[in-house]
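Spelled out from the first residue to the last, the chains are:
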Amino acid sequence: MEKTSNLSIPWKPYKKMAFRFVFIFFMLFIIFVDWSVNPILSKLYYYGPLSTVLDNVISWIGKDLFRIPYIIISPYDGEHNDRTYVYLLYFAIVVVAVLGAMVWGLFDRKRQNYDIAYYWLTTIIRYYLAFTMFLFALYKFFKLQFPDLGYYTLTEQVGDMSPMHLAWAFFGYSYEYNVFMGIAESASLLLLFRKTTTLGAIITMGALANVIAVNYSYDVHAKMYPTALFIMAFFLFLKDAKRITRFFFSGQAISLQAIKAPVFKKRWMRISKLVLKILIIGYYLIAAVKSNIDYKKLTEESLQSKSEYSGIYDIESFVVNKDTLSLENPLRWHQLIIGDNILEAVRFKEDSVAFINIPVDKKELIVYGNLADLAEKTQEVYNEKGLSDDTWIKMDSILIAQQKISRFHIETSDAMTLKLKGRVKNDSVYISAKRKSLDLNDFRLMKRRFHWINEASYFY
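How each quantity is defined
- Residues numbered from 1 in each chain as written.
- Predicted model: local features only at pLDDT ≥ 70, side-chain atom pairs only at ≥ 80, totals over all residues.
- Heavy atoms only, no water.
- Salt bridge = Lys/Arg side-chain N within 4 Å of Asp/Glu carboxyl O.
- Helix = DSSP H or I, 4+ residues; strand = E, 2+ residues; numbered from the N terminus.
- Buried < 20%, exposed > 50% of the residue type's maximum accessible area, 1.4 Å probe, protein only.
- Axes fitted to C-alpha atoms, helices over the stretch in contact; angles between N-to-C directions.
- Parallel < 35°, antiparallel > 145°, perpendicular 65-115°, else oblique.
- Left-handed = near helix turned anticlockwise from the far one by under 90°.
- Contact = heavy atoms within 4.5 Å.
- Pairing = 2+ DSSP bridges.

**Here we look at the pattern of salt bridges**
Scanning the entire structure with this criterion turns up 16 salt bridges. With a closest N to O distance of 2.9 Å, D294 and K290 form a salt bridge. Of this pair, D294 and K290 both sit in helix α12 (residues 267-305), four residues apart, roughly one helical turn. A relative accessible area of 37% places D294 in the partly exposed class. A salt bridge links K377 to D373; the nearest nitrogen and oxygen atoms lie 2.8 Å apart. You can see K377 and its partner D373 sitting in helix α13 (residues 371-385), four residues apart, about one turn around the helix. It is possible to trace a salt-bridge network through shared partners that takes in K239, D240 and R243.

Right under this line is the structure:
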């Protein structure tokens, strides 16, 4: 391996210190924060020591260092919630990056530059961003992130929606807009090639800026995650920032140089590098597409299996321990919504909601509080029994036995009537519900589609 001439240019001290910090920070972020994107790291997390080590460290930081009194909820595969756990993890990563950069500098004071390390860091970030953004693009193409509008969303008053639900309804309405967003996000694949890195970084920053604006403006649970990805894209853009600024503001002609890569003298090494690149790109792209196809098929099968029950049910009677609750009783259910990709739930009086899950093969309906409450109760079980597949599979049964969620058995006497029998803590509950004659295509929002000619605004 030989170095090109520009590798001998010395870096300024502040640039070397900054590089040491971002190198450690970005690597720790990819490994410890976003491990779910990488199938190798996912296996290390679930089946290796990574989850145990992280949970122990974060628990110590939260409870002993910051004296946090409440339960610290661990992240799970594919989740990017801005939980306390994640903020503590960011804190730990920043501390390690600062200390690591200082120690690294003490032992590496004579080094003139980090050109080779810069190349490898940019390579890792380019591939990581490209695969991550392409994964989100596929969510748009397969319409998995923002599903079609269902019964719950179409019958919910706008004033009762959370900001995030409102955003999901907006994006979920139009598949065409999902495709547009997916195309913008899949442009990150330009990052896979050094000559198109700057163009890919600019488009990726634009796509992420839109994500950040939505997530911050609509209180979406993931704000720090897209911010970190944006910073990574900006890091890739920085090498050409001055040239591009001169181009736009001074009118000077410029040329953008690709990141210099180490040159391999031996032919077999050059061929091996090319083959390895093709295999890595091919594996991740094929695996990502296949996983989305499988998940899309799974969601469609789930909806199909629920088609017998899908719809909105008005509660006719609600009996607790043989005592029929009145319509004004706050414990009484008002409506039951089944077969909605975005949200399935129980509506109480006014805007109170309980969420449900329906294992149709067992003809059961599981009822729990809000998602934060369920996450906390689930974490309590994991803290007690450990993170394992066996615990995950038995989670519903464990929570029911601990009276933290409720199970109801489903019975149908005819196509329009649903009967539920179960227990809420120590009380036996019997519910009779009547399906409303509603079709999703009857709603004005679903009827009104694209029109080239509009003599007046269709605004009501």
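Structure shown, so let's carry the discussion forward.
**Regarding the packing of helix α5 (residues 115-141) against α12**
Between α5 and α12, the least distance of the axes is 9 Å, while the angle of their chain directions is 25 degrees. By the criterion of interaxial angle, the relationship of α5 to α12 is roughly parallel. Regarding α5 and α12, the two cross each other, and that crossing is right-handed. Residues Y119, Y127, F131, F134, L135, L138 and Y139 of α5 lie in contact with α12, whose contacting residues are K273, K277, I280, I281, Y284, L285, A288, V289 and N292.

**Looking at the pairing of strand β5 (residues 353-357)**
In the sheet, strand β4 (residues 345-347) pairs with β5 via three bridges, with the strands oriented antiparallel. When the sheet's bridge partners are listed, A345 is paired in β5 with F355. Relative to strand β6 (residues 364-368), β5 runs antiparallel, the two sharing three bridges. Bridged to N357 within β6 is I366. Between β5 and β6, which follow one another and run antiparallel, lie six residues, and K363 among them has a positive phi close to 55 degrees.

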